[in-house]
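Chain by chain, the residues:
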Amino acid sequence: MNDLCRETSPAMKNRQEAIGQVLIEALPYIRQFEGKTFVIKYGGAAMIDDELKDSFARNVTLLRKVGINVVLVHGGGNAITKAADSMGLRTTFVHGKRVTDNEMIEVVQMTLAGKVNQDIVRLISEHGAKAVGVSGLDANTIKAVPCPEAGQLGLVGEVKKVNTTYLDLLCQARLIPVIAPIGFDEEGNIYNINADDAASAIAIALKAEKLIYVSDVEGVHCGDRILKSICKSEAADLIEQGIISGGMIPKSLSAYRTLDAGVHKVHLIDGRLVHSLLLEIFTNAGVGTQFVLEKESQ
């Protein structure tokens with residue numbers, strides 16, 4: 001039979017219907033978020049595995065193409081450690097944070113604002129979006145102060161102020177700022193800043209619609225299931241019961257500090273899942289956990 005006249009198989013018909021349903025489901029979300037700002041913290045396996053890197057770049061490109069302002073803040077801890085090792089510098093952590101002396105801050109600056117940042121920019125640009133690398137030092141993007149543990153950690157800082165005017169101009173030009181989380185203070189000292197904390201501060205400053213953490217965590221677990229959505233009072237109860245525990249406690253508390261400061265929603269998604277970013281944003285079921293201040297009406 002001629003290919004043009006071939007009947008559609010049941011399997012093909014089901015697949016077509018499924019694709020159509022996903023597209024229809026996405027439409028109201030596309031309308032809702034057009035012109036809004038999403039801050040995405042990019043880290044974990046999605047920055048290492050080639051297939052996941054490609055999937056993430058495609059997802060970010062699609063978000064920009066449907067009119068969403070995307071601001072990307074990236075990590076790069078593994079790359080920093082490898083670069084430090086190659087230079088004979090010892091890497092030390094205190095409570096999960098990198099001890100950063102004068103030699104290490106040069107490695108951080110060279111790695112984050114250099115190869116890591118530019119590789120992300122290149123990959124996104126290859127898929128048709130216009131990305132631009134931004135160091136926190138550019139145009140006073142991130143003014144910093146020493147963190148409370150500076151006595152132990154050295155040149156590790158916290159965000160004091162974000163140059164939102166500069167970032168807004170980039171978004172208005174339909175560019176995707178790809179931000180390396182380093183900053184500097186009034187004396188010109190450069191600081192290494194935790195990427196999660198930088199993303200939160202930038203989302204707050206930009207009055208973002210969403211802050212999305214892309215990591216190697218599926219979401220908030222309750223028994224054998226992942227919670228689709230969790231409000232502040234529910235999270236407090238789960239922490240008290242020990243259901244939310246370990247490293248998920250600071251993640252949850254940070255999410256609610258961000259929400260309290262005006263960001264509408266915070267999402268935690270697993271970057272090891274191909275297209276997790278689109279599935280979380282544009283489908284009703286989602287794939288991770290969204291943090292909200294109050295329980296949403298059904």
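Heads up: the structure comes first, above all this text.
The text that follows walks through the structure, step by step, so that each part is easy to find. (Residues numbered from 1 in each chain as written. Predicted model: local features only at pLDDT ≥ 70, side-chain atom pairs only at ≥ 80, totals over all residues. Heavy atoms only, no water.)

Now for the overall build of the protein. Summing up its helical and strand segments, the protein has ten helices and 16 strands in all. For 298 residues, the compact-globule formula gives about 19 Å, and the C-alpha radius of gyration of the protein, at 20 Å, lands near that figure. Taken along the three principal axes of its C-alpha coordinates, the protein extends 75 × 50 × 35 Å. The long-range fraction of contacts in the protein, counting pairs at least 24 apart against all pairs at least 6 apart in sequence, stands at 73%. (Helix = DSSP H or I, 4+ residues; strand = E, 2+ residues; numbered from the N terminus. Rg over C-alpha atoms; globule rule 2.2 N^0.38 Å. Contact = heavy atoms within 4.5 Å.)

An order of β5-β8-β2-β1-β11-β15-β16-β14 is seen for the eight strands of this open sheet, with the pairing classed as mixed. Across the chains shown, the open sheet's two edge strands, defined by having one partner strand only, are β5 (130–135) and β14 (229–231). Adjacent strand axes in the sheet meet at a mean angle of 20° when their direction is disregarded. Two strands pair when backbone bridges link them, and β5 and strand β8 (residues 175–180) are joined in this way by six bridges, in the parallel orientation. (Pairing = 2+ DSSP bridges. Axes fitted to C-alpha atoms, helices over the stretch in contact; angles between N-to-C directions.)

Burial within β8 is extensive, with five of its six residues counted as buried. As defined by bridge partners, strand β2 (residues 69–74) adjoins β8 across two bridges and the pair is classed as parallel. Across the sheet, the residue bridging to Val73 is Ile179, located in β8. (Buried < 20%, exposed > 50% of the residue type's maximum accessible area, 1.4 Å probe, protein only.)

A word on the pattern of salt bridges. Counting across every chain of the model gives ten salt bridges. One salt bridge in this structure joins Lys41 and Asp196, with 3.3 Å as the shortest N-O distance. Of this pair, Lys41 sits in strand β1 (residues 37–42) while Asp196 sits in helix α7 (residues 195–205), placing them 155 residues apart in sequence. Given the relative accessible area of 12%, Lys41 is considered buried. Across the salt bridge formed by Lys53 and Asp50, the nearest N and O atoms sit 3.5 Å from each other. One end of the pair, Lys53, and the other, Asp50, are both in helix α2 (residues 50–65), three residues apart, so they sit about a helical turn from each other. (Salt bridge = Lys/Arg side-chain N within 4 Å of Asp/Glu carboxyl O.)

Turning our eyes to something else, we now look at the pairing of β1. β1 sits mainly inside the fold: six of its six residues count as buried. The alternating pattern of β1 places Thr37, Val39 and Lys41 on one face and Phe38, Ile40 and Tyr42 on the opposite face, and all of these are buried. Both β1 and β2 contribute to a ladder of six bridges, which runs parallel. Bridging across to β2, Thr37 finds its partner in Asn69. For the crossover that starts at β1, traverses α2 and ends in the parallel β2, the hand is right-handed. For β1 and strand β11 (residues 210–215), the ladder comprises five bridges, and the chain directions are parallel. Paired with Tyr42 across the bridge in β11 is Val214. (Right-handed = clockwise from strand over helix to strand, strands pointing away.)

The next point concerns the state of the cysteines. Taken as a whole and assessed by the stated rule, the structure comprises zero disulfides. Between Cys231, a cysteine without a disulfide, and Cys222, which holds the nearest cysteine sulfur, the sulfur-to-sulfur distance is 13 Å. The exposure class assigned to Cys231 is buried, which follows from its relative accessible area of 4%. (Disulfide = S-S within 2.5 Å.)

Attention now moves to the packing of helix α8 (residues 232–241) against helix α9 (residues 248–260). Contact pair α8 / α9: the axes reach a minimum separation of 11 Å and the direction vectors enclose 160°. Taken together, the axes of α8 and α9 are roughly antiparallel relative to one another. Crossing of α8 over α9 shows left-handed handedness. Contacts between α8 and α9 involve Lys232, Ala235 and Ile239 on the former and, on the latter, Ile249, Leu253, Tyr256 and Asp260. Looking at side-chain class alone, the contact of α8 with α9 contains five nonpolar, no polar and two charged residues. (Parallel < 35°, antiparallel > 145°, perpendicular 65-115°, else oblique. Left-handed = near helix turned anticlockwise from the far one by under 90°. Nonpolar A, V, L, I, M, F, W, Y, C, P; charged D, E, K, R; others polar.)

This part is about the packing of aromatic side chains. Aromatic rings in a pair are described by how distant their centres are and how their planes are angled relative to each other. On inspection of all chains with the given rule, the structure shows four aromatic pairs. The interplanar angle of 70° and the centroid separation of 5.3 Å between the aromatic rings of Phe33 and Phe38 together place this pair among those described as edge-to-face. For Phe33, a relative accessible area of 3% gives the class buried. Geometrically, the ring pair formed by Tyr42 and Phe56 is stacked, given 3.9 Å between the ring centres and 0° between the ring planes. Taken as a pair, Tyr42 in strand β1 and Phe56 in helix α2 lie far apart in primary sequence, 14 residues in all. Taken together, Tyr29, Phe33 and Phe38 form an aromatic cluster joined through their ring pairs. (Phe/Tyr/Trp six-rings, centres within 6.5 Å; stacked < 30°, edge-to-face > 60°.)

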